[in-house]
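Residues per chain, in single letters:
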Amino acid sequence: MELVKNKASGKFFIVLDDNEDADFLLITPEGKVKRLDRHLFGPQVAVDSKNRRLDFNLTKTQMDKYAEYSKYVDF
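Residues numbered from 1 in each chain as written. Predicted model: local features only at pLDDT ≥ 70, side-chain atom pairs only at ≥ 80, totals over all residues. Heavy atoms only, no water.

Peer 1: Please explain the nonpolar core as it appears in this structure.
Peer 2: As a rule of thumb, nonpolar side chains are buried together in soluble globular proteins. By size, the foremost hydrophobic cluster in this structure holds eleven residues: Leu3, Phe12, Ile14, Leu16, Leu25, Ile27, Val47, Phe56, Leu58, Met63 and Tyr66. Those elements that provide at least two residues to this core are β2 (12–17), β3 (23–27) and α2 (60–70). In terms of residues, this core owes the most to one element, β2, which gives three residues. Counting residues in each nonpolar core, the second largest holds six residues, with Val4, Phe24, Leu26 and Phe41 among its members. (Core = buried A, V, L, I, M, F, W, Y, C linked by side-chain atoms within 4.5 Å. Buried < 20%, exposed > 50% of the residue type's maximum accessible area, 1.4 Å probe, protein only. Helix = DSSP H or I, 4+ residues; strand = E, 2+ residues; numbered from the N terminus.)

Here it is, written out as structure tokens:
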């Protein structure tokens, strides 16, 4: 799983699709899937699946959306 930290809010977002363009597809802390500008975030961080929620304060809604999305997409 790849995460990025929003520079303004300090919250972590889950990266779903990174084409290395000016934007990428993310899951917000509210569990919404959005395409947002890359410059709003810090560098990507690879996270061990066992520690992802506690270490990075990912929300349950965010994790549920990731689980739903991962059923259909091979990361």
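The rest of the description comes next.
Peer 1: Would you mind showing me how to read the side chain of Asn6 here?
Peer 2: Mapped onto the secondary structure, Asn6 falls in the loop between β1 (2–5) and β2. A polar atom in the side chain of Asn6 sits 2.9 Å from the backbone nitrogen of Ala8. Apart from residues lying up to four places away in sequence, Asn6 is in contact with Lys11, Phe13, Leu40 and Phe41. (Polar contact = N/O pair within 3.5 Å; in protein donor to acceptor, adjacent residues only side chain to side chain. Contact = heavy atoms within 4.5 Å.)

Peer 1: Is there a simple way to explain the environment of Asp64 in this structure?
Peer 2: As for its placement among the helices and strands, Asp64 is situated in helix α2. Measuring from C-alpha to C-alpha, the distance between Asp64 and Gly31 comes to 7.7 Å, with 33 residues separating the pair along the chain.

Peer 1: Teacher, can you tell me more about the pairing of β3 here?
Peer 2: If a strand is regular, its side chains alternate between the two faces of the sheet. Across the five residues of β3, four count as buried, placing the element largely inside the fold. For β2 and β3, the ladder comprises three bridges, and the chain directions are antiparallel. Counterpart to Asp17 in the pairing with β3 is Leu25. Between β2 and β3, which pair antiparallel one after the other, the connecting turn spans five residues, and Glu20 there sits at a positive phi close to 60°. With five bridges connecting them, β3 and strand β4 (residues 33–37) associate as antiparallel partners. Of the residues in β4, the one forming a bridge with Ile27 is Val33. In sequence, β3 turns back onto β4 through a hairpin of five residues, with Gly31 there showing a positive phi of about 85°. (Pairing = 2+ DSSP bridges.)

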